[in-house]
Amino acid sequence: MIEHQLDVQAPSHQYPIYIGSHIINQFDLYAPHIGQKTFIVTNPTIAAHYLTPLQQMLSEHQIEHTAILLSDGEQYKNHDSLNQIYDALLTHHADRKSTIIALGGGVIGDTAGFAAATYQRGIAFVQVPTTLLSQVDSSVGGKTAINHTLGKNMIGAFYQPKAVIADLNTLNTLPERELSAGMAEVIKYALLGDAAFLQWLEQHMAALMAKDATLLAQAVYHCCQMKADIVAQDEKEQGVRALLNLGHTFGHAIETEMGYGTWLHGEAVSAGMVLAAKLSQQLGCLNAEDVQRVEHLLTQAHLPIAPPKFAYPKWLAHMSHDKKVQNGQMRFVTLTKLGKAVISQIDNTDLLQRSLQDYLA
Ligand code: NAD
Ligand code: GLY
């Protein structure tokens, strides 16, 4: 049953997001977007739960399908996995009318989406997100990428899917640590742009973490609405979309320094948002109670609020690769108050060092 539907009005392409229960095998949602040859990109963990029913659905409708199973984990969001997809597409003679279905979390969606963006200069793909993080964030908006050893998401393209089919039932098999990681991105939306949503999350976090289906559906829908609105204004991150990177400059530094997959992306974003709040405090915008409020909500979602310790030059080296850097100047998403984010150019690195002072090795 579809519980919510909305459209992403991106300038390059408009497409539907379907949010509901038991919709993963609802053929009419796929039918307008898939060709006669379909490639399901997933991994063994997700395949164990959701691949067979999807294959049965396609077989019943005489769609030729091939499953491509990538290794599971952030450390495999790389060129080898990308090549594995290209190899399968070429071996099975995929053409410009072929379709990729990305069945999984953000790692699968980002990698499969980049394969779709680049194979024969672009073929259709459908996002079927199965983690909270991918349902509220990565499946929407067309950012596709793989990691480079020197930096997260450094090789990629803006390339929109034909549709997003978010089945909330898939969250029932999601491990708690992954639910928390997704909740970091949910909290991110509240902090960057919606103080009322922040209060709502504070009120309902325990029930959300207990996977209350009605509340989770509301949260996913609200985040998708916020993201669709931002992507409609700024598809290629020339302005307002950069606010969606709250906590990510610090977070990507943690992920790169610790080795991809050691800290989950959402965990790194969580600690990164605390650092962004502390930087905002250094800038005189937040007070100590605001920072504590951020820490408290993240803790309620069982998320880390302190980053691992490493040397200041390493923080700087990683953050200098950030995609918001312009003409060598570092720019951060900071908060003018809880529920309102801006981009701040940080010329005074003393402020940065002070924000990080408790976490330097
Ligand atoms: P993930 O894709 O690694 O999935 C998390 C884990 O859960 C994996 O082990 C996966 O196999 C497993 N899993 C997935 N669905 C499951 C289910 N229903 N039941 C049981 N297990 C399941 O991680 P993620 O948090 O979904 O995504 C993180 C990635 O998303 C990062 O690479 C990040 O950079 C990227 N990201 C991209 C965007 C974007 O706009 N493109 C936005 C945010 C994050
Ligand atoms: N996750 C950040 C963005 O999609 O822009």
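Residues numbered from 1 in each chain as written. Chains lettered and ligands numbered in written order. Predicted model: local features only at pLDDT ≥ 70, side-chain atom pairs only at ≥ 80, totals over all residues. Heavy atoms only, no water.

**Looking at the packing of helix α9 (residues 248–258) against helix α10 (residues 265–282)**
Moving on, step 1. Where α9 meets α10, the axes come as close as 7 Å, and the angle between the chain directions of the two elements is 135 degrees. When the interaxial angle is binned, α9 and α10 end up oblique. Classified by chirality, the crossing of α10 by α9 is right-handed. Within the contact between the two elements, α9 uses His248, Phe250, Gly251, His252, Ile254 and Glu255 and α10 uses His265, Ala268, Val269, Ala271, Gly272, Leu275, Ala276 and Leu279.
Moving on, step 2. Its residues placed into classes, the contact of α9 with α10 shows 8 nonpolar, 5 polar and 1 charged. (Axes fitted to C-alpha atoms, helices over the stretch in contact; angles between N-to-C directions. Helix = DSSP H or I, 4+ residues; strand = E, 2+ residues; numbered from the N terminus. Parallel < 35°, antiparallel > 145°, perpendicular 65-115°, else oblique. Left-handed = near helix turned anticlockwise from the far one by under 90°. Contact = heavy atoms within 4.5 Å. Nonpolar A, V, L, I, M, F, W, Y, C, P; charged D, E, K, R; others polar.)

**Focus: the sheet that holds strand β9 (residues 163–167)**
Moving on, step 1. Pairing is mixed across the open sheet formed by 7 strands, whose spatial order is β1-β2-β9-β6-β5-β3-β4. Unpaired on one side and paired on the other, β1 (2–10) and β4 (64–69) mark the two borders of the sheet. Each neighbouring strand pair of the sheet contributes to a mean axis angle of 20 degrees, computed without reference to strand direction.
Moving on, step 2. Bridge analysis of strand β6 (residues 124–129) against β9 gives 2 bridges, and the strand direction is parallel. In the sheet register, valine 126 faces β9, and the bridge partner there is alanine 163. (Pairing = 2+ DSSP bridges.)

**A closer look at helix α7 (residues 195–209)**
Moving on, step 1. Taking 1.5 Å as the rise per residue, α7 with 15 residues should run 21 Å; its terminal C-alpha atoms sit 20 Å apart, in good agreement.
Moving on, step 2. Its maximal kink placed at glutamine 203, α7 deviates by approximately 55 degrees.
Moving on, step 3. Within α7, the full set of buried residues consists of Phe197, Leu198, Trp200, Leu201, Met205, Leu208 and Met209.
Moving on, step 4. Of the surrounding secondary structure, the elements contacted by the buried residues of α7 are α6 (176–193), α8 (213–233) and α11 (288–300).
Moving on, step 5. The N-cap residue of α7 is aspartate 194: its side-chain oxygen and the backbone nitrogen of alanine 196 are 3.2 Å apart.
Moving on, step 6. Just downstream of α7 lies lysine 211, where phi reads positive at about 60 degrees. (Expected span 1.5 Å × (residues − 1). Bend = angle between axes of the 7 residues up to and from the residue. Buried < 20%, exposed > 50% of the residue type's maximum accessible area, 1.4 Å probe, protein only. Polar contact = N/O pair within 3.5 Å; in protein donor to acceptor, adjacent residues only side chain to side chain.)

**Quick word on the pairing of β6**
Moving on, step 1. Within β6, 6 of the 6 residues are buried, which leaves the element mostly enclosed by the surrounding structure.
Moving on, step 2. The two faces of β6 match: Ala124, Val126 and Val128 on one face and Phe125, Gln127 and Pro129 on the other face are all buried.
Moving on, step 3. The pairing of strand β5 (residues 99–104) with β6 spans 6 bridges and is classified as parallel. Counterpart to glycine 104 in the pairing with β6 is proline 129.

**Remarks on empty space enclosed by the protein**
Moving on, step 1. This model, assessed by the stated rule, comprises 1 cavity of 30 Å³ or more.
Moving on, step 2. Put simply, the largest cavity is a space of about 100 Å³.
Moving on, step 3. Every residue lining the largest cavity is counted, 13 residues in all, and those nearest its centre are Met154, His252, His318, His321 and Asp322.
Moving on, step 4. Among the secondary structure elements, those contributing two or more residues to the lining of the largest cavity are β8 (151–158), α9 and α12 (312–319). (1 Å grid on protein atoms, 1.4 Å probe; cavity = no way out; pocket = protein on both sides within 12 Å on 5 of 7 lines; lining within 4 Å. Points joined across faces, edges and corners; volume = space filled by probe spheres on them.)

**Considerations on unusual backbone geometry**
Moving on, step 1. One non-glycine residue with positive phi stands out, namely glutamate 237, at about 55 degrees.
Moving on, step 2. Among the structural elements, glutamate 237 can be located in the loop between α8 and α9.
Moving on, step 3. Residue glutamate 237 is classed as buried on the basis of its relative accessible area, which comes to 19%.
Moving on, step 4. Phi at histidine 302 takes a positive value of approximately 60 degrees, unusual for a residue other than glycine.
Moving on, step 5. Take histidine 302: it is sitting in the loop between α11 and α12.
Moving on, step 6. Histidine 302 sits in the partly exposed class, given a relative accessible area of 48%.

**Notes on the site of ligand 2**
Moving on, step 1. Contacts to ligand 2 come from Asp137, Lys143, Lys227, Glu237, Arg241, Leu244 and Asn245.
Moving on, step 2. The separation between an oxygen atom of ligand 2 and a polar side-chain atom of lysine 143 is 2.9 Å.
Moving on, step 3. Take arginine 241: an N or O atom from its side chain is 2.7 Å from an oxygen atom of ligand 2.
Moving on, step 4. About the coverage of ligand 2: the protein hides 90% of its 200 Å² of free accessible area.
Moving on, step 5. Taken together, the residues of the shell around ligand 2 break down into 1 nonpolar, 1 polar and 5 charged. (Near = heavy atom within 4 Å. Areas by Shrake-Rupley, 256 points an atom, 1.4 Å probe, with all protein chains shown as cover.)

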